[in-house]
Amino acid sequence: MNSTSEVAGEGVGNAVIRTAAETQLIVERSLKRRYRAEMRFRGYGLTAVGLGILFVVFLFTTIGMQGASVFRQTYVQLPVYFDPEIIDPAGTRVPNDLIVADYQALIRDSLRERFPAVEGRSNLRELYRIVSSAATINLRSAVVDDPTTIGQRQNLYLLMDDTVDALLKGKTDRAAPEEERRLSDQQIGWIDALLVEGLLELRFNREFFSNGDSRDPEQSGILGALIGSLLILLITLMLSFPIGVSAAVYLEEFAPKNPLTDIIEVNINNLAAVPSIVFGLLGLAVFIGFFGLPRSAPLVGGLVLTLLTLPTIIIASRAALKGVPPSIREAALGMGASKIQMVGHHVLPLAIPGMLTGTIIGMARALGESAPLLMIGMVAFIVDVPQGVLDPATALPVQVFLWSDLPERGFIERTSGAIIILLLFLVVMNATAVILRNRFEKRW
C-alpha cells in the first residue's frame with residue numbers, strides 16, 4: 001500500500017511539475033508575443049513621427065530654396081545725369097513739376113551712353129527693357145527730396161527687370177532656344193558685359209518689404225498685405241478676447257445647468273469644427289449685404305475672423321477655468337467673498353495664462369485663413385498700403401494665393417517668400433503661446 005501510494009504521489013507531483021512548466025512556457029510565449037507587438041507598435045509610431053518630420057522638413061526646405069532668393073534683387077550701377085532740360089526746363093523747381101518729369105528718359109540716356117553701338121528702334125527697346133520701370137521711382141524720389149541734384153551726375157544702383165534677375169539667380173536656362181526664353185541672345189550679351197565690368201550686383205531686396213502689390217514681379221512687395229493682416233488681427237483680438245473670455249466665465253461659473261445651456265455648449269463645440277468658408281459666407285451676407293460695410297476692408301475681415309476664433313477661445317478659456325482647483329473657490333467663498341469677487345479676484349487671474357494661450361492659438365489660426373477673406377472680396381488687386389480699417393486691403397494668405405496664380409516666374413519666389421514671412425509669424429505666435437503657458441502655468 002505504501003509503495004502504491006508513493007508511486008501515485010510521485011505521478012501527481014510529476015504531473016503538477018509538468019503543468020507548471022507548461023504554464024510557464026505558455027506565459028513566456030505570451031509575454032514574448034506581447035513584447036513583440038509592443039515593439040511593432042512603437043516602431044509604427046516612430047515611423048509615423050519620422051515620416052511626419054521628414055515631410056515637414058521637405059516642405060520647409062522646398063519653400064526655403066524657392067523663396068530665399070527673394071530677399072536679394074539684381075541692381076545695375078549706372079552713371080545718371082540729372083539733365084535740367086528734361087527734369088525742369090523752366091527752372092522753377094516746383095515739386096509738382098519735378099514729380100511729373102520724364103525720368104525714364106534719364107535712364108535711356110544712361111543706357112545709350114553705356115552701349116553706344118546699339119542702334120535701331122527695336123534694338124534700343126530691347127536695351128531699355130533690361131532695366132525695370134520702377135527705377136524711375138528712385139530717381140524721382142532723389143530729385144524731389146533734394147532738388148540740388150538737378151544738373152549733377154551720380155552713380156546710382158537701379159533696379160533691373162525680373163527677367164535679368166532670374167538669369168543671374170540661375171533660374172533661366174541660357175542653353176534653351178531663344179524663342180523659349182524671355183531674354184534674347186542680344187540682351188544676354190549686354191547683361192554679360194555689365195557682369196564683366198562688375199556693374200551688376202545682387203543686393204538686399206528692400207522693395208519686397210517696402211512696396212505693395214504690383215503687376216511687375218520686381219516691384220511687388222508684401223507691405224500692403226502685412227499691414228492688412230496686422231489690422232485684421234488687431235480687430236480680431238480686440239473683439240474675440242473679451243467676448244470669448246466673458247462667455248467662458250459665464251458658462252463655466254454662473255450659467256445654470258439646464259437644457260438651454262447644454263444646447264449652447266454643444267453649438268459652441270460644433271462651431272469650432274465648421275469649415276472656415278462658412279464664416280466667410282456669413283460675413284458676406286451679414287456685414288456686407290445687410291450692414292453695408294465696404295468690401296475688402298480690414299474691419300470686415302476682423303469681424304469675420306472674430307466669429308471664426310470665438311469657439312476656440314471659449315473652449316480654451318473654459319478648460320483653463322476648469323483647471324483651477326475647487327479649493328480656491330471654496331476658500332474664497334469661505335472667507336466671505338461674493339461669487340463675482342471669487343471669480344474676479346481669485347479664479348480668473350489663475351486661469352488667464354491658459355486663456356491667453358488659447359487666444360494666441362486662435363489668432364494664429366486666423367492669421368493663416370484665406371477662404372473667409374476671399375469670400376468678402378479681399379482677393380482684389382490692391383496696390384496702395386491701407387491707412388485705416390475701412391481702406392481696401394489684402395492679407396498675407398490672400399497675397400500668397402494671388403501670386404501663386406500669376407504666370408511670371410518672378411512671382412514664384414515671391415510666393416515662397418511671402419509663405420516664409422507667414423510661417424515666421426505663425427512660429428512666433430505659437431512660441432509666444434508656449435512661453436506664456438510655461439511662464440505662468442500653476443502646478444497644483
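Residue indices follow the written sequence of each chain, beginning from 1 at its first position. Reporting in this predicted model follows two pLDDT cut-offs: at least 70 for local features of residues, and 80 or more for side-chain atom pairs to be given and counted; totals over whole chains, interfaces and linings ignore these cut-offs and use all residues. Computation of side-chain values covers all heavy atoms of the structure but excludes hydrogens and water.

## Side note on a positive patch on the surface
This is how it is decided: In this analysis, a patch consists of residues with relative accessible area above 30% that form no salt bridge, clustered at 9 Å for like charges and at 5 Å for the nonpolar side chains Val, Leu, Ile, Met, Phe, Trp and Tyr. For the area figures, the Shrake-Rupley method with a 1.4 Å probe applies, and any residue is considered shielded solely by the protein chains shown. For this analysis, a salt bridge means a side-chain nitrogen from Lys or Arg found within 4 Å of a carboxyl oxygen belonging to Asp or Glu. Charged-residue counts in this description rest on Lys and Arg as positive and Asp and Glu as negative, His and the chain ends being excluded. Think of each charge as sitting on NZ of Lys, CZ of Arg, CG of Asp or CD of Glu. Counting from the N terminus, the helices are the DSSP runs of H or I reaching at least four residues and the strands are the DSSP runs of E reaching at least two. Think of it in three bands: with a 1.4 Å probe and only protein chains considered, a residue is buried below 20% of the maximum accessible area for its type, exposed above 50%, and partly exposed in between.
Judged by side-chain charge, Arg29, Lys32, Arg33, Arg36 and Arg40 come together as a positively charged surface patch. Tracing the backbone through its elements, the reader meets Arg36 in helix 1 (residues 2-67). You can call Arg36 partly exposed: its relative accessible area is 44%.

## Quick notes on the sheet that holds strand 1 (residues 72-81)
The condition that has to hold: Between any two strands, at least two bridges found by DSSP are needed for them to pair. As a rule, the C-alpha atoms of each element are fitted with a line to give its axis, helices using only the stretch in contact, and angles between N-to-C directions run from 0 to 180 degrees.
Pairing is antiparallel in the open sheet, where three strands are placed in the order 2-1-3. Edge positions in the sheet fall to strand 2 (153-159) and strand 3 (200-204), since each has one partner strand and no second. Across this sheet, the average inter-strand angle for adjacent strands is 40 degrees, counted without regard to direction. As paired strands, strand 1 and strand 3 are joined by five bridges and run antiparallel to one another.

## A word on a negative patch on the surface
Where like charges cluster on the molecular surface, the negative patch consists of Asp173, Glu178, Glu179 and Glu180. Among the structural elements, Glu179 can be located in the loop between helix 7 (162-168) and helix 8 (185-196). We classify Glu179 as exposed; its relative accessible area is 69%.

## Some details on the domain arrangement of the protein chain
Where we set the bar: For the domain bounds, the source is a domain assignment made automatically or taken from a database. Pairs of residues are marked as contacts when any of their non-hydrogen atoms sit within 4.5 Å. Here the buried area means the combined drop in accessible surface, using a 1.4 Å probe, for two parts upon being joined, counting both sides. Whenever two N or O atoms come within 3.5 Å, that pair is a polar contact, provided that in protein one can donate a hydrogen and the other can accept it, and provided that, for residues adjacent in sequence, both atoms are side-chain atoms. Gly falls in the polar group here, along with every residue not listed as nonpolar (Ala, Val, Leu, Ile, Met, Phe, Trp, Tyr, Cys, Pro) or charged (Asp, Glu, Lys, Arg).
Split into domains, the protein chain comes out as domain 1 (2-67), domain 2 (68-208) and domain 3 (223-440). Each of domain 1 and domain 3 has a C-alpha centre, and these two points are 47 Å apart. At the junction of the two partners, domain 1 supplies five residues and domain 3 supplies seven residues. Summing the contributions of domain 1 and of domain 3, the shared interface buries around 470 Å²; its carbon and sulfur component is 76%. On the domain 1 side of the interface with domain 3, the three residues burying the most area are Ile63, Gln66 and Gly67, jointly 78% of the side's total. If you look at where domain 1 meets domain 3, you find zero salt bridges. At the junction of domain 1 and domain 3, the tally comes to zero residue pairs in polar contact (both at pLDDT 80 or more). Considering only residue class, the side of domain 1 that touches domain 3 consists of two nonpolar, three polar and no charged.

## Topic: the side chain of Thr306
In this fold, Thr306 is placed in helix 13 (residues 298-322). Residue Thr306 is classed as buried on the basis of its relative accessible area, which comes to 5%. At 2.6 Å, the side chain of Thr306 and the backbone oxygen of Gly302 are in polar contact. Apart from the residues within four sequence positions on either side, Thr306 is in contact with Ile235, Thr236, Leu239 and Ser240.

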